[in-house]
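Survey of secondary and tertiary structure
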Amino acid sequence: MEIVRIFEGRNGEGGLYAMRYAKSSPDEFTRMFRLWDDLQYVREFCIAHFDDLQSSFKWPHSLEECVQEIMDEAEQMESQLYEFCATTELQQIFKPLRNHEYVLYPLQQSKACVISNMYRRPKIRIYAIRLAPDLFIITGGAIKLTATMQERPHLMEELAKLERARTWLKENNLDIPDALN
């Protein structure tokens, strides 16, 4: 495992990093956005999870409209990450993973979704470890169509990656911002 810098915050404050789980694989930021930009992948995902779309979202649209909305949301999510990082406001888009947590702390499991009135309920999620204010390490991401992460194997895998990355950061004494340098 290693940590890859995606972009640095303004004036060197904060920033966004991503886990790379194997030398031969891309970092998680790159992996996620490549998948969400792949028409075939998103279409196959929507076909496989169409029941979730219909039950959780009361989806009245065609499969193709669903695919396009997810791809558009991912594109907007990527733009917002760049925008919030450039203004050192990643804390505005990343929230604690558990909705009942109101205190922020180092190594906190976090999630981000697009901020927009265009989507009834955002479907794209990015998962990260909060190291400090406006400093996050992406551990993965997913298309989330259910109320909880425990309802689908691909979301359970994201929970496992969050915990694995958190443990690795602790074991390698990377639990403070200065340790990334």
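Structure: above.
Residues numbered from 1 in each chain as written. Predicted model: local features only at pLDDT ≥ 70, side-chain atom pairs only at ≥ 80, totals over all residues. Heavy atoms only, no water.

**Brief notes about the sheet that holds strand β1 (residues 2-8)**
Quick note on the threshold: Should DSSP find at least two bridges between two strands, the strands are regarded as paired. We count a stretch as a helix when DSSP gives it H or I for four or more residues in a row; a strand needs E for two or more, and each element gets its number in order from the N terminus. Only the stretch in contact is used when fitting a helix axis, every axis being a line fitted to C-alpha atoms; angles between N-to-C directions are given from 0 to 180 degrees.
Read from one edge to the other, the open sheet built from six strands follows the order β1-β2-β6-β5-β4-β3, with strand pairing classed as mixed. Edge positions in the sheet fall to β1 and β3 (94-96), since each of these pairs with one other strand and no more. The sheet shows a mean angle of 40 degrees between the axes of neighbouring strands, taken without regard to direction. Pairing analysis gives three bridges linking β3 to strand β4 (residues 108-112), with the strands arranged antiparallel. Its bridge partner being in β4, P96 is matched across the sheet by S110.

**Some thoughts on the pattern of salt bridges**
For the record, the criterion: Salt bridge, as used here: a side-chain nitrogen of Lys or Arg that lies within 4 Å of a carboxyl oxygen of Asp or Glu. Throughout, exposure labels follow a simple rule: accessible area from a 1.4 Å probe, protein chains only, divided by the maximum for the residue type, with under 20% read as buried, over 50% as exposed, and the rest as partly exposed.
Taken as a whole and judged by the stated rule, the model has ten salt bridges. Between E2 and K23 there is a salt bridge, with the nearest N and O atoms lying 3.5 Å from each other. Residue E2 is located in strand β1, and its partner K23 is located in the loop between β2 (15-20) and α1 (28-36); the two are separated by 21 residues in the primary sequence. A relative accessible area of 26% means that E2 is categorised as partly exposed. With relative accessibility at 71%, the residue K23 sits in the exposed group. Of the charged contacts, one joins K123 and E73 as a salt bridge, the two residues approaching to 3.8 Å between their closest N and O atoms. On the criterion of sequence distance, the pair formed by K123 in the loop between β4 and β5 (124-132) and E73 in helix α4 (residues 63-86) is long-range, its members being 50 residues apart. Each member of the pair K123 and E73 is classed as buried. One salt-bridge network, in which partners are shared between bridges, spans E28, R31, E158 and K161.

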